[in-house]
Amino acid sequence: VGDVAFQKKCLGKMEEVAGEGRTVLFVSHQMDMVQNLCPRCILLRNGTIVLDGVTDDVVQAYLEMVSERPQQDLALRTDRRGKGDIRFTHIEFMCSEYGDTGAALSGAQLVIALAYATEGKKTFRQCRASIVIGANGRPYINTSTDLVRNDELVLSGSGTLRCVIDDLPLSQGDYQINLYVEANGEVQDWVKSAAILTVEDGDFYGFGRNYSAKSWAGKTVLVKHAWEQVENEEVA
């Protein structure tokens with residue numbers, strides 16, 4: 001609670017006390033702070049202890065828990081556009097640090113796996129697949145196979161396309177996933193709000209410091225950056 005300065009003061013005091021050998025009980029949903037402060041975690045759900053153990057194990061369980069929300073199977077979606085000879089049938093999120101959690105962590109690698117199926121025994125050439133991640137009607141991340149592949153994308157039968165995003169630059173929040181695939185310039189499948197991606201805070205900047213959740217959470221992207229200071233030379 002409190003403003004940024006008060007939070008910083010409290011965190012500094014907790015680290016100081018913990019360093020003296022005393023136990024500090026830290027209660028938070030901020031994964032970056034938990035990871036940097038706590039060697040041991042207790043996960044509560046509806047007032048009951050779900051898990052008590054090493055921080056990384058408990059964080060994984062928490063990410064799995066927050067991602068437990070019913071979503072319609074992509075294969076059953078009827079509110080889609082395109083010719084339909086190629087269709088997305090399933091979407092899965094995998095976080096490199098914690099495996100298949102269904103959620104993501106700021107600063108960690110995110111893999112979005114898209115299962116697809118084609119009509120009959122046709123082979124589709126000159127394909128392009130795209131994933132757009134956004135919130136509140138605004139796109140934050142736009143990925144496309146034609147931007148990062150030199151070889152032709154050819155689709156036939158069924159299979160999986162995986163989009164790998166290193167150092168996920170999204171702040172805490174829920175984001176909508178839009179999917180698109182075309183072949184020879186013709187739209188085959190276009191699904192808006194195909195899934196919800198839940199992002200939890202991680203130590204994106206590597207300094208164990210959190211951004212202002214009120215101003216940034218779910219409203220912006222994060223970028224790795226550095227500041228330099230150059231002092232003016234004194235004039236004699």
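Source: prediction; values computed, not measured.

Conventions adopted
- Residues numbered from 1 in each chain as written.
- Predicted model: local features only at pLDDT ≥ 70, side-chain atom pairs only at ≥ 80, totals over all residues.
- Heavy atoms only, no water.
- Helix = DSSP H or I, 4+ residues; strand = E, 2+ residues; numbered from the N terminus.
- Contact = heavy atoms within 4.5 Å.
- Areas by Shrake-Rupley, 256 points an atom, 1.4 Å probe, with all protein chains shown as cover.
- Pairing = 2+ DSSP bridges.
- Axes fitted to C-alpha atoms, helices over the stretch in contact; angles between N-to-C directions.
- Patch = residues over 30% accessible without salt bridge, like charges linked within 9 Å, V, L, I, M, F, W, Y side chains within 5 Å.
- Salt bridge = Lys/Arg side-chain N within 4 Å of Asp/Glu carboxyl O.
- Buried < 20%, exposed > 50% of the residue type's maximum accessible area, 1.4 Å probe, protein only.
- Core = buried A, V, L, I, M, F, W, Y, C linked by side-chain atoms within 4.5 Å.

K.L.:
Account for the overall build of the protein chain, naming residues and giving values.
P.N.:
When helices and strands are tallied, the protein chain shows 5 helices and 12 strands. Of all intrachain contacts in the protein chain linking residues separated by at least 6 positions in sequence, the fraction that spans at least 24 positions is 63%. Counting every atom, the protein chain has about 14,600 Å² of accessible surface; 49% of that belongs to carbon and sulfur.

K.L.:
An account of the sheet that holds strand β8 (residues 138–144) is needed here, citing residue identities and associated values.
P.N.:
The 5 strands are arranged β4-β12-β11-β7-β8 in an open sheet whose pairing can be described as mixed. Each edge of the sheet is formed by a strand with only one pairing partner; in this case those strands are β4 (103–105) and β8. Strand-to-strand, the axes of this sheet are offset by a mean angle of 30°, without reference to chain direction. The sheet contact formed by strand β11 (residues 173–183) and strand β12 (residues 186–200) spans 10 bridges and is antiparallel. The residue of β12 that forms the bridge with Tyr175 is Leu197.

K.L.:
Please give an account of the environment of Gly202 that cites residues and values.
P.N.:
Among the secondary structure elements, Gly202 is positioned in the loop between β12 and α5 (213–216). A sequence separation of 97 residues divides Gly202 from Leu105, and the C-alpha atoms of the two residues are 5.4 Å apart.

K.L.:
Tell me about the sheet that holds strand β10 (residues 158–165), residues and numbers included.
P.N.:
Pairing in this open sheet of 3 strands is antiparallel, and the strands run β3-β5-β10 from one edge to the other. The sheet is open, and its two edges are formed by β3 (86–95) and β10, each paired on a single side. Strand-to-strand twist in this sheet, taken as the mean axis angle between neighbours without regard to direction, amounts to 20°. With 9 bridges connecting them, β3 and strand β5 (residues 110–118) associate as antiparallel partners. Directly across from Cys95, in β5, lies its bridge partner Leu110.

K.L.:
Tell me about a nonpolar patch on the surface, and please be specific about residues and values.
P.N.:
Where nonpolar side chains cluster on the molecular surface, the patch consists of Ile42, Leu44 and Ile49 and spans about 290 Å² of accessible area. Position of Ile49 among the secondary structure elements: in strand β2 (residues 48–54). The class for Ile49 is exposed, based on a relative accessible area of 54%.

K.L.:
Give me unusual backbone geometry: which residues, what numbers.
P.N.:
Within the chain, Asn46 stands out as a residue other than glycine whose phi angle is a positive 55°. For Asn46, the location among the structural elements is in the loop between β1 (40–45) and β2. Here Asp167, not a glycine, exhibits a phi torsion of approximately 50°, which is positive.

K.L.:
Account for the side chain of Thr55, naming residues and giving values.
P.N.:
Relative to the helices and strands, Thr55 is located in helix α3 (residues 55–66). If we ignore the near neighbours within four places in the chain, the residues touching Thr55 are Val34, Gln35, Cys38, Pro39, Arg40 and Cys41.

K.L.:
With reference to specific residues and values, describe the nonpolar core.
P.N.:
For soluble globular proteins, the rule of thumb is that nonpolar side chains tend to be buried together. Of all hydrophobic cores here, the largest spans 35 residues; its most connected members are Ile91, Ile133, Leu170, Leu179 and Leu197. Residues in contact with Ile91, not counting those within four places in the same chain, are Leu74, Ile112, Ala113, Leu114, Ile177, Leu179 and Ala195. Membership of the second largest hydrophobic core comes to 14 residues, among which are Leu43, Met65, Ala103 and Leu105.

Read these as geometric descriptors, not functional statements.
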